[in-house]
Amino acid sequence: MSEINESLVKVVPGHTIRPPNQAVSSSNFDTLQRINQAEEKHGVRQAWRWRRHLSAIAVSAVLIILIWQAAENPAFDWPLVGHYLFDGQILKGLWTTLWLTALVTLLSVVFGVVVALMRLSRNPVVSLFAWSYIWLFRATPLLVQLLFWFNIGYLVPRLTLGWPGGEPWFSVSTNDLISAIGASILGLTLHGMAYSAEFIRGGLLAVPQGQKEAATMLGLSPSEIFIKITLPQSLRTIIPALGNFLIDNLKGTSIISVVAVTELLYSAQLIYNRNYKIIPLLLVATFWYVVVTSILSLLQHWSERYYGRGYHRK
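Keep in mind it's a predicted model, so treat the numbers as computed, not measured.

### Quick look at the pattern of salt bridges
Here is step 1 of the chain: Enumeration according to the criterion identifies one salt bridge in this entry.
Here is step 2 of the chain: The closest approach of N and O atoms between R201 and E198, which form a salt bridge, is 3.1 Å. Residue R201 and its partner E198 are both found in helix α9 (residues 180-205); the two are separated by three residues, about one turn of the helix.

### Examining the nonpolar core
Here is step 1 of the chain: If you look at the biggest cluster of nonpolar residues, it comprises 20 residues, and the most contacted ones within it are Y84, I90, L264, L281, V284, W288 and Y289.
Here is step 2 of the chain: At the level of elements, α3 (78-84), α4 (88-119), α11 (222-252), α12 (264-275) and α13 (278-307) are the ones that each hand at least two residues to this core.
Here is step 3 of the chain: If one sorts the elements of this core by residue count, α13 sits on top with seven residues.
Here is step 4 of the chain: Setting aside residues no more than four positions away along its own chain, L264 makes contact with I90, G93, L94, T97, A285, W288 and Y289.
Here is step 5 of the chain: Grouped together as the second largest cluster of nonpolar side chains are 19 residues, A116, A130, L190 and I238 included.

### Observations regarding the packing of aromatic side chains
Here is step 1 of the chain: Scanning the entire structure with this criterion turns up eight aromatic pairs.
Here is step 2 of the chain: Measuring from ring centre to ring centre gives 5.5 Å for F76 and W78, while their planes differ by 15 degrees; the resulting arrangement is stacked.
Here is step 3 of the chain: On the accessibility criterion, F76 (22% relative accessible area) is partly exposed.
Here is step 4 of the chain: Residue W78 is classed as partly exposed on the basis of its relative accessible area, which comes to 39%.
Here is step 5 of the chain: Across from the ring centre of Y195, 6.0 Å away, lies the NZ or CZ of R138, which sits over that ring.

### Remarks on α12
Here is step 1 of the chain: Taking 1.5 Å of rise per residue, twelve residues should cover 16 Å, and α12 covers 17 Å from first to last C-alpha, within 8% of that figure.
Here is step 2 of the chain: By the burial criterion, the buried members of α12 are L264, L265, Y266, S267, A268, Q269, I271 and Y272.
Here is step 3 of the chain: On its buried face, α12 sits against α3, α4 and α13.
Here is step 4 of the chain: Residue Y276 follows α12 closely and has a positive phi angle near 65 degrees.

### Remarks on the side chain of T105
Here is step 1 of the chain: Here T105 lies in helix α4.
Here is step 2 of the chain: From its side chain, T105 meets the backbone oxygen of T101 in a polar contact 2.7 Å long.
Here is step 3 of the chain: Setting aside its immediate chain neighbours within four residues, T105 contacts L242, F245, L246 and N249.

### Concerning the environment of T253
Here is step 1 of the chain: In this fold, T253 is placed in the loop between α11 and α12.
Here is step 2 of the chain: Judged by relative accessible area, T253 falls into the buried class, the value being 1%.
Here is step 3 of the chain: The spatial distance from the C-alpha of T253 to the C-alpha of E263 is 7.5 Å, given a sequence separation of ten residues.
Here is step 4 of the chain: Apart from residues no more than four positions distant in its own chain, T253 is found in contact with T97, L100, T101, L188 and E263.

### Focus on the packing of α12 against α13
Here is step 1 of the chain: The N-to-C vectors of α12 and α13 enclose an angle of 165 degrees; their axes lie 9 Å apart at closest approach. With respect to their mutual orientation, α12 and α13 come out roughly antiparallel. The interaxial crossing formed by α12 with α13 has right-handed handedness. For the pair α12 and α13, contact is made by L264, L265, A268, I271, Y272 and N275 and by I278, L281, L282, A285, W288 and Y289, respectively.
Here is step 2 of the chain: Residue composition of the contact of α12 with α13, grouped by class: eleven nonpolar, one polar and no charged.

### A look at unusual backbone geometry
Here is step 1 of the chain: In this model, D77 sits at a positive phi of 50 degrees, which is unusual for a non-glycine residue.
Here is step 2 of the chain: Located in the positive-phi region is A260, a residue other than glycine, with phi close to 65 degrees.
Here is step 3 of the chain: Its location among the elements puts A260 in the loop between α11 and α12.
Here is step 4 of the chain: Given a relative accessible area of 46%, A260 falls into the partly exposed group.

### Observations regarding the layout of surface pockets
Here is step 1 of the chain: The computed volume of the largest pocket comes to approximately 500 Å³.
Here is step 2 of the chain: Lining of the largest pocket is provided by 15 residues; of these, L117, L120, K212, F226 and T230 occupy positions nearest its centre.
Here is step 3 of the chain: Going through the elements one at a time, α9, α10 (209-217) and α11 are the ones with two or more residues in the lining of the largest pocket.
Here is step 4 of the chain: Residue contributions to the lining of the largest pocket peak at five residues, all from α11.
Here is step 5 of the chain: Looking at side-chain class alone, the lining of the largest pocket contains seven nonpolar, five polar and three charged residues.

The rules behind each value
- Residues numbered from 1 in each chain as written.
- Predicted model: local features only at pLDDT ≥ 70, side-chain atom pairs only at ≥ 80, totals over all residues.
- Heavy atoms only, no water.
- Salt bridge = Lys/Arg side-chain N within 4 Å of Asp/Glu carboxyl O.
- Helix = DSSP H or I, 4+ residues; strand = E, 2+ residues; numbered from the N terminus.
- Core = buried A, V, L, I, M, F, W, Y, C linked by side-chain atoms within 4.5 Å.
- Buried < 20%, exposed > 50% of the residue type's maximum accessible area, 1.4 Å probe, protein only.
- Contact = heavy atoms within 4.5 Å.
- Phe/Tyr/Trp six-rings, centres within 6.5 Å; stacked < 30°, edge-to-face > 60°.
- Lys NZ or Arg CZ within 6 Å of the ring centre and 35° of its normal.
- Expected span 1.5 Å × (residues − 1).
- Polar contact = N/O pair within 3.5 Å; in protein donor to acceptor, adjacent residues only side chain to side chain.
- Axes fitted to C-alpha atoms, helices over the stretch in contact; angles between N-to-C directions.
- Parallel < 35°, antiparallel > 145°, perpendicular 65-115°, else oblique.
- Left-handed = near helix turned anticlockwise from the far one by under 90°.
- Nonpolar A, V, L, I, M, F, W, Y, C, P; charged D, E, K, R; others polar.
- 1 Å grid on protein atoms, 1.4 Å probe; cavity = no way out; pocket = protein on both sides within 12 Å on 5 of 7 lines; lining within 4 Å.
- Points joined across faces, edges and corners; volume = space filled by probe spheres on them.

Interpretation in functional terms is not warranted from these geometric data alone.
Following this line, the structure appears as structure tokens:
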């Protein structure tokens, strides 16, 4: 090892460290080859190679044992799982879960942009109102919010519109206006707005201030700066959080089973309440959650690569 130029590289057991800002040129290729030969001579590479192989074998063995135990356990009742996998009631609940996820995510993001802009406003009253909203709905459990909106009729029996003290123009029973599905959409959206507003605000703040100043010098209005400059550049930061938010909403719809909305989990519960096959029906619901989540994860990965293509070089 004394023959190796120590100003270029320094070898420690198991590692090859290159000095900062030191590029590997063709003239240094021979030196790197000699380093590799020295590592192989002293058994460094072989030791790490054996450790990787052993860890891979150990993890594979554990996975095989778990899969074998699950396949052989009669409590899972895999034939029954396959029987209900494409059951009409299950697929109907899956469809409810999908459109609820899409609707809640869309509403949460659209109104979340408004809350984020209010949070960034120079008006202290507007900014304080947005901060208070985010604080309240992030501090309250989602289940509590759903139960509150589901039972809002006890607090406000009727909703009326009109001048105070005069005849109402419009009056309707709160329970008729806000059904179980309405309470679910309202609760999930208001809860999601608080979280989407924060990651959207973080994405907007990630855009360099110089971009906005340059756009102002070019004569663009504040709305044009937001639409053409700030928002497109913030998507690279917002997309990963938005993908996670979408997946969380997909799984979060399972909580509305407490208000008897027939989404995927509640559909499985209705079936196992009849046949008492709890574990197989939970596996059916788990299968569809995993399938949809995997598809959304792939779409998120593609979106991240698309919006980050100008920032990553091969």
